[in-house]
Amino acid sequence: MAYSPILNVMVGAARKASRPIRRDFGEVENLQVSLKGPANFVTKSDKRTEQILHDELARARPTYSFLMEEGGSVEGTDGQHTWIIDPIDGTTNFIHGIPHFAISIGLERAGTIVAGVIYNPITDELFTAERGQGAFLNDRRLRVAARSRIEDAVVTCGIPHLGRGDHELFQTEITKVQAKAAGIRRFGAASLDLAFVAAGRFDAYWERGLEAWDVAAGILLVREAGGRVEDVDGGPEAHETGNILAANDSLFTQLQKELKLPKG
Ligand code: IPD
Ligand code: CA
């Protein structure tokens, strides 16, 4: 498929960075793993992938800023554009030999996400979106699922775990959703959760406590596939608050009723 110049840069960077990931995944048991925090591992592979992405993107657009999971913020001179990068979203899956993780690259321009690439190097599924131009899986145009009743919906989510998130709140949320939904999933990579909503595989997704790099590209994918993504509780941009709800318009409204926290 022919990409715009900016998507070309992003897809090229993702494909280049994916080569060593594929090698490392093949010998995942030999990877050196260092403990970054409880249940939060960072591998040499994350760091190397991020370096490749940074170098490729900086070479193509030398003035842009960066926000990266491993390396944090790097201020560019441009003052408008920021690359938002998660080198391996789904690190726990990666470490466990589960082939469900992705490189995620979002491009923000003056506060708006304008381009996104999510690439699973193992399945070779490449999700791309550019603002106003639609969302694609490889060369197929994406559309969110049309199911409008929660009773028919498969809903994916993030489950807080050791050292992460509000466990009690999640118990309340899952109790409400499990009583209504056709099925609930937890796949372990936020970027792919969003990409799968865009592709109509999942009908909806919610998770709290995410970071901008988990969701920047995925938010654009869902919107460009005709879906709605907002903060679970309403209000500001989901990639800024990290509390996300994504679905088609009808399911969004129904699920938000279940999940929204009372104000104050
Ligand atoms: C994680 C994944 C996971 C989500 C976590 C994220 P990482 O990202 O997206 O699905 O539940 O909140 O931190 O650490 O694997 O890049
Ligand atoms: Ca992540």
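This is a predicted model, so every value here is computed, not measured. (Residues numbered from 1 in each chain as written. Chains lettered and ligands numbered in written order. Predicted model: local features only at pLDDT ≥ 70, side-chain atom pairs only at ≥ 80, totals over all residues. Heavy atoms only, no water.)

### Section: the overall build of the chain
1) Next: Secondary structure assignment for the chain yields 8 helices and 15 strands.
2) Next: In terms of overall size, the chain behaves like a compact globule, its C-alpha atoms giving a radius of gyration of 18 Å where 264 residues would be expected to give roughly 18 Å.
3) Next: Considering only C-alpha atoms, the chain reaches an extent of 50 × 40 × 35 Å along its principal axes.
4) Next: Relative to all contacts within the chain whose residues are 6 or more apart in sequence, the contacts with residues 24 or more apart total 63%.
5) Next: Accessible surface computed for the chain: about 11,800 Å², of which carbon and sulfur atoms make up 48%.
6) Next: Computing the positive centroid from 30 side-chain charges and the negative centroid from 36, the chain places the two 4 Å apart. (Helix = DSSP H or I, 4+ residues; strand = E, 2+ residues; numbered from the N terminus. Rg over C-alpha atoms; globule rule 2.2 N^0.38 Å. Contact = heavy atoms within 4.5 Å. Areas by Shrake-Rupley, 256 points an atom, 1.4 Å probe, with all protein chains shown as cover. Lys, Arg positive; Asp, Glu negative; His and termini not counted. Charge placed at Lys NZ, Arg CZ, Asp CG, Glu CD.)

### Observations regarding unusual backbone geometry
1) Next: Phi at Ala-110 is positive, roughly 45°, even though this residue is not glycine.
2) Next: Note on placement: Ala-110 falls in the loop between strand S6 (102–109) and strand S7 (112–120).
3) Next: At Asp-124, a position not held by glycine, the phi torsion is positive, near 60°.
4) Next: Along the chain, Asp-124 turns up in the loop between S7 and strand S8 (125–130).
5) Next: Using a relative accessible area of 39% as the deciding quantity, one classes Asp-124 as partly exposed. (Buried < 20%, exposed > 50% of the residue type's maximum accessible area, 1.4 Å probe, protein only.)

### A word on the site of ligand 1
1) Next: In the vicinity of ligand 1 lie 14 residues, with Asp-89, Gly-90, Thr-91, Arg-164 and Glu-207 positioned nearest.
2) Next: Backbone polar atom of Gly-90 to an oxygen atom of ligand 1: 2.7 Å apart, as the coordinates give it.
3) Next: Sorting elements by how many residues they give to the shell around ligand 1 places strand S5 (residues 81–89) first, with 3 residues.
4) Next: Taken together, the residues of the shell around ligand 1 break down into 4 nonpolar, 3 polar and 7 charged.
5) Next: Here the shell around ligand 1 spans two domains, since at least three of its residues come from each of domain 1 (5–141) and domain 2 (150–259). (Near = heavy atom within 4 Å. Polar contact = N/O pair within 3.5 Å; in protein donor to acceptor, adjacent residues only side chain to side chain. Nonpolar A, V, L, I, M, F, W, Y, C, P; charged D, E, K, R; others polar. Domains from an automatic or database assignment.)

### Some remarks on the pattern of salt bridges
1) Next: Summed over all chains, the structure comprises 13 salt bridges.
2) Next: Residue Glu-125 is joined to Arg-201 by a salt bridge in which the shortest nitrogen-to-oxygen separation is 2.6 Å. Here Glu-125, found in strand S8, pairs with Arg-201, found in the loop between helix H5 (190–198) and strand S13 (204–207); they are 76 residues apart in sequence, far enough to count as distant.
3) Next: Of the charged contacts in the structure, one is a salt bridge between Arg-208 and Asp-233, with a shortest N-O distance of 3.0 Å. Of this pair, Arg-208 sits in the loop between S13 and helix H6 (212–224) while Asp-233 is found in the loop between strand S14 (228–231) and helix H7 (238–241), placing the two residues 25 residues apart along the sequence.
4) Next: Each of the salt bridges in this network shares a partner with another, and the network as a whole consists of Lys-16, Glu-56 and Arg-59. (Salt bridge = Lys/Arg side-chain N within 4 Å of Asp/Glu carboxyl O.)

### A word on the environment of Phe-101
1) Next: Among the secondary structure elements, Phe-101 is positioned in the loop between helix H3 (91–95) and S6.
2) Next: Using a relative accessible area of 0% as the deciding quantity, one classes Phe-101 as buried.
3) Next: Between the C-alpha atom of Phe-101 and that of Arg-48, which follows or precedes it by 53 residues, the distance is 16 Å.
4) Next: Sequence-distant contacts of Phe-101, defined by excluding residues within four places in its chain, comprise Ile-21, Phe-25, Ile-88, Asp-89, Gly-90, Phe-94, Tyr-119, Asn-120, Pro-121, Ile-122, Ala-189 and Leu-192.

### Digging into the environment of Phe-187
1) Next: Structurally, Phe-187 is set in the loop between strand S12 (183–185) and H5.
2) Next: Phe-187 sits in the partly exposed class, given a relative accessible area of 33%.
3) Next: Discounting chain neighbours no more than four positions away, the residues touching Phe-187 are Asn-93, His-100, Thr-156, Asp-193, Phe-196 and Phe-202.

### Comments concerning the domain arrangement of the chain
1) Next: The assigned domain composition of the chain is domain 1 (5–141) and domain 2 (150–259).
2) Next: Of note, the centres of domain 1 and domain 2, computed from C-alpha atoms alone, are 21 Å apart.
3) Next: The interface of domain 1 with domain 2 comprises 38 residues on the first partner and 25 residues on the second.
4) Next: Across the interface of domain 1 and domain 2, roughly 2,300 Å² is buried in total on both sides, 67% from carbon and sulfur atoms.
5) Next: There are 1 salt bridge connecting domain 1 and domain 2.
6) Next: At the boundary of domain 1 with domain 2, the tally comes to 8 residue pairs in polar contact (both at pLDDT 80 or more).
7) Next: Secondary structure elements with two or more residues in the side of domain 1 that touches domain 2: strand S3 (65–68), S5, S6, S7, S8 and strand S9 (134–137).
8) Next: Element by element, the count of residues in the side of domain 1 that touches domain 2 is highest for S7, at 7 residues. (Buried area = accessible area lost by both parts, 1.4 Å probe.)

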